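An overview of the molecular structure
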Amino acid sequence: MTKQTKRIKARTGDREANLSFAEAIKAVKENATAKFDESIEIAVNLGVDPRHADQQVRGVVNLPSGTGRDVRVAVFAKDAKAAEALAAGADIVGAEDLYEKINGGFMDFDRVIASPDMMALVGRLGKVLGPRGLMPNPKVGTVTPNVAQAVKDAKGGAIEFRVEKAGIVHGGIGKASFTQEALEANVKAYVDALSRARPSGAKGTYVKKISLSSTMGPGFKIDPASLNA
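In this report, we go over the structure that sits alongside the text. (Residues numbered from 1 in each chain as written. Predicted model: local features only at pLDDT ≥ 70, side-chain atom pairs only at ≥ 80, totals over all residues. Heavy atoms only, no water.)

A short note on the overall build of the chain
How we decide: Secondary structure follows DSSP: runs of H or I at least 4 residues long count as helices, runs of E at least 2 residues long count as strands, and numbering of each begins at the N terminus. Values of the radius of gyration come from C-alpha atoms, whereas the globule rule sets the reference at 2.2 Å times the count of residues to the power 0.38. We call a residue buried when its accessible area falls under 20% of the maximum for its residue type, exposed when it is over 50%, and partly exposed in between, using a 1.4 Å probe and counting protein chains only. Whether two residues are in contact is decided by their heavy atoms, any of which lying within 4.5 Å being enough. Exposure was quantified through the Shrake-Rupley algorithm and a 1.4 Å probe, taking into account, for residues, occlusion by the shown protein chains and nothing else. Asp and Glu are treated as the negative residues and Lys and Arg as the positive ones, with His and the ends of the chain left uncounted. Every charge is mapped to an atom, namely NZ of Lys, CZ of Arg, CG of Asp or CD of Glu.
Helices and strands together make up the secondary structure of the chain, namely eight helices and ten strands. Relative to its length of 229 residues, the chain is compact, with a C-alpha radius of gyration of 19 Å against a globular reference of 17 Å. Within the chain, buried positions represent 45% of all 229 residues. Within the chain, residue pairs in contact and separated by at least 24 positions form 74% of the contacts whose partners lie at least 6 positions apart. Of the roughly 11800 Å² of accessible surface on the chain, a fraction of 50% belongs to carbon and sulfur atoms. Taking the average place of the 33 positive charges on the side chains of the chain and the average place of its 26 negative ones, the gap between the two points comes to 5 Å.

Written out as structure tokens, the structure reads:
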């Protein structure tokens with residue numbers, strides 16, 4: 001409790017002001033004082049109502065500076081596609097054997113990729129993968145004949161985003177150890193991807209609020225205009 005109190009008292013920066021995205025990143029980095037390399041999280045409040053089909057927001061963004069974490073990738077593929085996935089760096093590759101493993105409780109992965117011919121099999125894992133946000137989907141490039149490229153993208157910094165019930169999208173955009181420039185590039189790429197994914201049913205202001213925080217640090221508000229959002 002004492003350590004937590006000291007950390008809170010040591011916090012710097014104006015948490016109420018709408019900062020430029022560069023200022024917010026600087027403030028978050030300065031307040032990431034934990035003994036481990038804290039993750040940097042972004043939360044974006046969008047002017048959409050996800051209850052309506054024409055206001056869904058979902059997609060994938062390639063973070064130019066990567067995520068700073070080792071993404072474990074499982075791939076459903078056979079024969080040549082399986083070999084390509086392994087060569088590209090997939091952590092586990094299989095078909096019926098992988099299905100049985102996951103159905104039995106194995107979940108040691110962060111992303112699932114599947115070749116199209118495997119979806120009849122993968123679909124049977126919907127109740128297992130769906131609630132965890134791991135179900136492969138062609139809209140975000142995780143159902144694809146080019147499994148090797150999908151694996152490389154996942155390992156290199158491609159992350160999915162999806163709007164939640166309250167109209168908020170959030171995700172990890174790097175680590176506190178990243179340089180200011182690297183985090184700026186990732187934040188810009190993330191918000192740009194959200195802007196491109198604006199659904200047809202969205203009316204009025206689309207990007208309403210943006211905030212940035214580290215794992216143990218406070219959150220800081222970003223002025224959307226500083227990102228041309």
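Now that the structure has been shown, we can carry on.
Points about the packing of helix α3 (residues 79-87) against helix α7 (residues 147-156)
Stated precisely, the cut-off is as follows: Working convention: axes come from line fits to C-alpha atoms, limited for helices to the stretch in contact. Angles between N-to-C directions cover 0 to 180 degrees. Orientation is classified from the angle alone, with under 35 degrees giving roughly parallel, over 145 giving roughly antiparallel, 65 to 115 giving roughly perpendicular, and any other angle giving oblique. Note on convention: the crossing is left-handed when the near helix lies turned anticlockwise from the far helix by less than a right angle, right-handed when the turn is clockwise. Residue polarity follows a fixed list, in which Ala, Val, Leu, Ile, Met, Phe, Trp, Tyr, Cys and Pro are nonpolar, Asp, Glu, Lys and Arg are charged, and the others, Gly among them, are polar.
The interhelical angle for the contact between α3 and α7, taken along N-to-C directions, is 25°, at an axis separation of 8 Å. Here α7 runs roughly parallel to α3, going by the angle between their axes. The chirality of how α3 crosses α7 is right-handed. Residues K81, E84 and A85 of α3 lie in contact with α7, whose contacting residues are V147, A148 and V151. Taken together, the residues that form the contact of α3 with α7 break down as four nonpolar, no polar and two charged.

Focus: the side chain of T144
The residue T144 is located in the loop between α6 (126-129) and α7 in this model. Judged by relative accessible area, which is 13%, T144 ranks as buried.

Considering α7
Note the following rule: Within this analysis, the arc is defined by the directions that extend from the helix axis to the C-beta atoms.
Among the residues making up α7, those that are buried are V147, A148, A150, V151 and A154. An end-on view of α7 places all buried positions within 165° of arc, on one side of the element. Where α7 is buried, its residues touch β4 (73-76), α3, β6 (111-114) and β7 (158-162). Downstream of α7 by a residue or two, G157 has a phi angle that is positive, lying close to 130°.

Digging into the sheet that holds strand β2 (residues 39-46)
Selection rule: Two strands are said to pair when DSSP picks up at least two bridges between them.
Across the sheet, five strands lie side by side as β1-β10-β9-β2-β8; this open sheet has mixed pairing. Each edge of the open sheet carries a strand with a single partner, namely β1 (18-19) and β8 (168-175). With seven bridges joining them, β2 and strand β9 (residues 207-214) adopt antiparallel strand pairing. When the sheet's bridge partners are listed, N45 is paired in β9 with K209. Against the sheet, helix α2 (residues 21-31) makes contact with β1, β2, β9 and β10 (220-222), and its axis sits at roughly 165° relative to β10, the strand it touches most. Against the sheet, helix α8 (residues 180-196) engages β2, β8 and β9, with an angle of about 155° to β8.

Things to note about the nonpolar core
Test applied: We call a set of buried residues a nonpolar core when its members are Ala, Val, Leu, Ile, Met, Phe, Trp, Tyr or Cys and they connect through side-chain atoms within 4.5 Å of each other.
Membership of the largest hydrophobic core comes to 39 residues, with the highest contact counts inside it found for I42, V57, F161, I173, V187, Y190 and L212. Going through the elements one at a time, α2, β2, β7, β8, α8, β9 and β10 are the ones with two or more residues in this core. At eight residues, the largest contribution of residues to this core is made by α8. Apart from the residues within four sequence positions on either side, I173 is in contact with I40, I42, L63, G66, L183, N186, V187, Y190 and L212. With 16 residues, the next largest nonpolar core counts I92, I102, V112 and L129 among its residues.

Notes on the pairing of β2
On β2, burial follows the alternation: I40, I42, V44 and L46 on one face are buried, whereas S39, E41, A43 and N45 on the facing-out side are not. Pairing of β2 with β8 involves six bridges; the strand directions are antiparallel. Looking at β8, one finds that A43 is bridged to H170.

Considering the packing of aromatic side chains
Heads up, the condition is: For Phe, Tyr and Trp, rings pair up if their centres lie within 6.5 Å, where Trp contributes its six-membered ring, and each pair is then called stacked (planes under 30 degrees apart), edge-to-face (over 60) or tilted (otherwise). Charge-over-ring contacts are defined here by two conditions on Lys NZ or Arg CZ: a distance within 6 Å of the ring centre and an angle within 35 degrees of the ring normal.
According to the stated counting rule, one finds two aromatic pairs in the structure shown. An angle of 50° between the planes, with centres 5.8 Å apart, marks the rings of F106 and F109 as tilted. Judged by relative accessible area, which is 4%, F109 ranks as buried. Just above the ring of F106 sits the side chain of K101; from NZ or CZ to the centre is 4.6 Å.

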